[in-house]
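# Architecture at a glance
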Amino acid sequence: MTRDRLRSAREAGQLAPDADLDLALELLYGPLHYRWQYRLGPLGHDHAERLVDAALRALGPRPADR
């Protein structure tokens, strides 16, 4: 389901055309799993939003892609 949403975002130009969707999933879920596994802090909406924002900035289209 998440991969399909990321694919739609890539097709809509919200992600770089060459964005690696498998890597994108790891960028999103890896930090959540790490934070949960080592009990480093709460897994609240604020943290999830900051994580998604950071991942989308990293995977977003570059000026030359627009």
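Conventions adopted
Residues numbered from 1 in each chain as written. Predicted model: local features only at pLDDT ≥ 70, side-chain atom pairs only at ≥ 80, totals over all residues. Heavy atoms only, no water. 1 Å grid on protein atoms, 1.4 Å probe; cavity = no way out; pocket = protein on both sides within 12 Å on 5 of 7 lines; lining within 4 Å. Points joined across faces, edges and corners; volume = space filled by probe spheres on them. Helix = DSSP H or I, 4+ residues; strand = E, 2+ residues; numbered from the N terminus. Phe/Tyr/Trp six-rings, centres within 6.5 Å; stacked < 30°, edge-to-face > 60°. Buried < 20%, exposed > 50% of the residue type's maximum accessible area, 1.4 Å probe, protein only. Expected span 1.5 Å × (residues − 1). Arc of directions from axis to C-beta. Contact = heavy atoms within 4.5 Å. Core = buried A, V, L, I, M, F, W, Y, C linked by side-chain atoms within 4.5 Å. Polar contact = N/O pair within 3.5 Å; in protein donor to acceptor, adjacent residues only side chain to side chain.

## A closer look at the layout of surface pockets
Gaps left between atoms are located by rolling a probe of water-molecule size over the structure's atoms. Considered as a void within the structure, the largest pocket measures approximately 230 Å³ in volume. Taken together, Thr-2, Arg-5, Leu-6, Ala-9, Gln-14, Leu-28, Tyr-29, Leu-32, Ala-48, Leu-51, Val-52 and Leu-56 make up the full set of residues lining the largest pocket. Looking at the lining of the largest pocket, the elements that each hand over two or more residues are α1 (2-11), α2 (21-37) and α3 (45-59).

## Side note on the packing of aromatic side chains
Each aromatic ring pair is summarised here by two numbers: the centre-to-centre distance and the angle between the ring planes. The final tally for this structure, using the stated rule, is 1 aromatic pair. Between Tyr-34 and Tyr-38, the aromatic rings sit 5.0 Å apart at their centres with planes inclined by 55 degrees, giving tilted as the arrangement. The partly exposed category is assigned to Tyr-34, whose relative accessible area is 48%.

## Quick word on α3
Residues spaced three or four apart along an α-helix point in a common direction, a consequence of the helix completing one turn every 3.6 residues. Here α3 spans 21 Å end to end across 15 residues, near enough to the 21 Å set by a 1.5 Å rise per residue. Looking only at α3, the buried set comprises His-47, Leu-51, Ala-55 and Leu-59. For α3, the angular spread of the buried residues around the axis is 90 degrees, confining them to a single face. Set apart from the buried face of α3 by more than 90 degrees, the exposed residues are His-45, Asp-46, Glu-49, Arg-50 and Arg-57. On its buried side, α3 packs onto α2.

## A look at the nonpolar core
What tends to happen in soluble globular proteins is that the nonpolar side chains get buried as a cluster. With 11 residues, the main nonpolar core is built from Leu-6, Ala-9, Leu-15, Ala-16, Ala-19, Leu-21, Ala-24, Leu-25, Leu-28, Ala-55 and Leu-59. Of all the secondary structure elements, the ones that give two or more residues to this core are α1, α2 and α3. Broken down by element, this core gets its largest block of residues, 4 residues, from α2.

## As for unusual backbone geometry
Phi is positive for Arg-39, which is not a glycine, with a value near 50 degrees. For Arg-39, the location among the structural elements is in the loop between α2 and α3. Residue class for Arg-39 comes out exposed when judged on its relative accessible area of 71%.

## Observations regarding the side chain of His-47
With respect to the helices and strands, the residue His-47 is situated in helix α3. Given the relative accessible area of 14%, His-47 is considered buried. Within the structure, the side chain of His-47 is placed 3.3 Å from the side chain of Arg-35, a separation counted as a polar contact. Excluding its chain neighbours within four sequence positions, the residues that come into contact with His-47 are Leu-32, Arg-35 and Pro-42.

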